[in-house]
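# Observations on the three-dimensional arrangement
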Amino acid sequence: MKHPRGKRYDPEFKLRLAKEFAETDKTLEEIAQENGISSKTLNNWTVKYRKEGEAAFLRDHEGEVSLEIQIRFHLFYTRNWDLTR
């Protein structure tokens, strides 16, 4: 799936890919290509994830954690929770 230039990505998408890189043996290039993004973009997300953890993707543009984002993350985790990890 190819994303157009200047596209904004959902925080869940960013977190999922950053975690995939951190938790698997796949390269940045492999994950980026599989998801239609540049490896530079994915690298930015993984650096942010390493520095701030999941909280990096919970903040809005003003640095606050919005209720909408908290709810979206709750739904994401309750629907996709994998107890084997």
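Attention in this report is confined to the structure presented alongside it. Think of each chain on its own: its residues are numbered from 1, step by step along the sequence as written. Where totals are concerned, whole chains, interfaces and linings use all residues; where local detail is concerned, this predicted model gives features only for residues with pLDDT of at least 70, and gives and counts side-chain atom pairs only at 80 or more. Processing note: side-chain calculations cover all non-hydrogen atoms of the structure and skip hydrogens and water entirely.

### Remarks on the overall build of the protein
Our working rule: Per the convention used, a helix needs a DSSP run of H or I reaching at least four residues, while a strand needs a run of E reaching at least two, with both numbered from the N terminus. Residue exposure (1.4 Å probe, protein chains only): buried if accessible area is under 20% of the type maximum, exposed if over 50%, otherwise partly exposed. Residues count as neighbours in contact if any of their non-hydrogen atoms are within 4.5 Å of one another. Each accessible area value is a Shrake-Rupley result obtained with a 1.4 Å probe; residue values ignore everything except the protein chains displayed when judging cover.
A tally of helices and strands in the protein yields 4 helices and 0 strands. Traced from its N-terminal end to its C-terminal end, the protein shows the element sequence α-α-α-α. Residues classed as buried in the protein amount to 31% of the 85 residues present. Restricting to contacts in the protein with at least 6 residues of sequence separation, those with at least 24 account for 48%. With an accessible surface of roughly 6,400 Å², the protein has 50% of that area assigned to carbon and sulfur atoms.

### Side note on the packing of helix 2 (residues 28-35) against helix 3 (residues 39-52)
Describing two packed helices takes the angle between their axes plus the distance from one axis to the other. Short version of the rule: For helices, the fitted axis covers only the stretch in contact; all axes are lines through C-alpha atoms, and the angles between them, taken along N-to-C directions, range from 0 to 180 degrees. Between 65 and 115 degrees an angle is taken as roughly perpendicular, under 35 as roughly parallel, over 145 as roughly antiparallel, and anywhere else as oblique. Left-handed is the label given to a crossing in which the near helix is rotated counterclockwise from the far helix by less than a right angle, and right-handed is the label when the rotation is clockwise. By the convention adopted, Pro, Cys, Tyr, Trp, Phe, Met, Ile, Leu, Val and Ala count as nonpolar, Lys, Arg, Asp and Glu as charged, and the other residues, Gly among them, as polar.
The geometry of helix 2 relative to helix 3 is characterised by a closest axis approach of 9 Å and an angle of 115° between their N-to-C directions. The orientation of helix 2 relative to helix 3 falls into the category roughly perpendicular. Two packed elements cross with a definite hand, and for helix 2 against helix 3 that hand is right-handed. Residue-level contacts link Leu28, Glu29, Ile31 and Ala32 of helix 2 to Ser39, Leu42, Asn43 and Thr46 of helix 3. Split into classes, the residues belonging to the contact of helix 2 with helix 3 amount to 4 nonpolar, 3 polar and 1 charged.

### Details of the packing of aromatic side chains
What counts is decided by this rule: Pairing of aromatic rings covers Phe, Tyr and Trp, the last through its six-membered ring, and needs centres within 6.5 Å; plane angles under 30 degrees mean stacked, over 60 mean edge-to-face, and all others mean tilted.
For the coordinates displayed, the defined rule picks out 3 aromatic pairs. For the pair tyrosine 9 and phenylalanine 13, a centre-to-centre distance of 5.5 Å together with 20° between the ring planes defines the contact as stacked. The pair tyrosine 9 / phenylalanine 13 is uniform in exposure class, with both members buried. Considering the side-chain rings of tyrosine 9 and tryptophan 45, the 5.2 Å spacing of their centres and the 75° angle between planes classify their relative orientation as edge-to-face. In this pair, tyrosine 9 sits in the segment before helix 1 (11-23) while tryptophan 45 sits in helix 3, placing the two residues 36 residues apart along the sequence.

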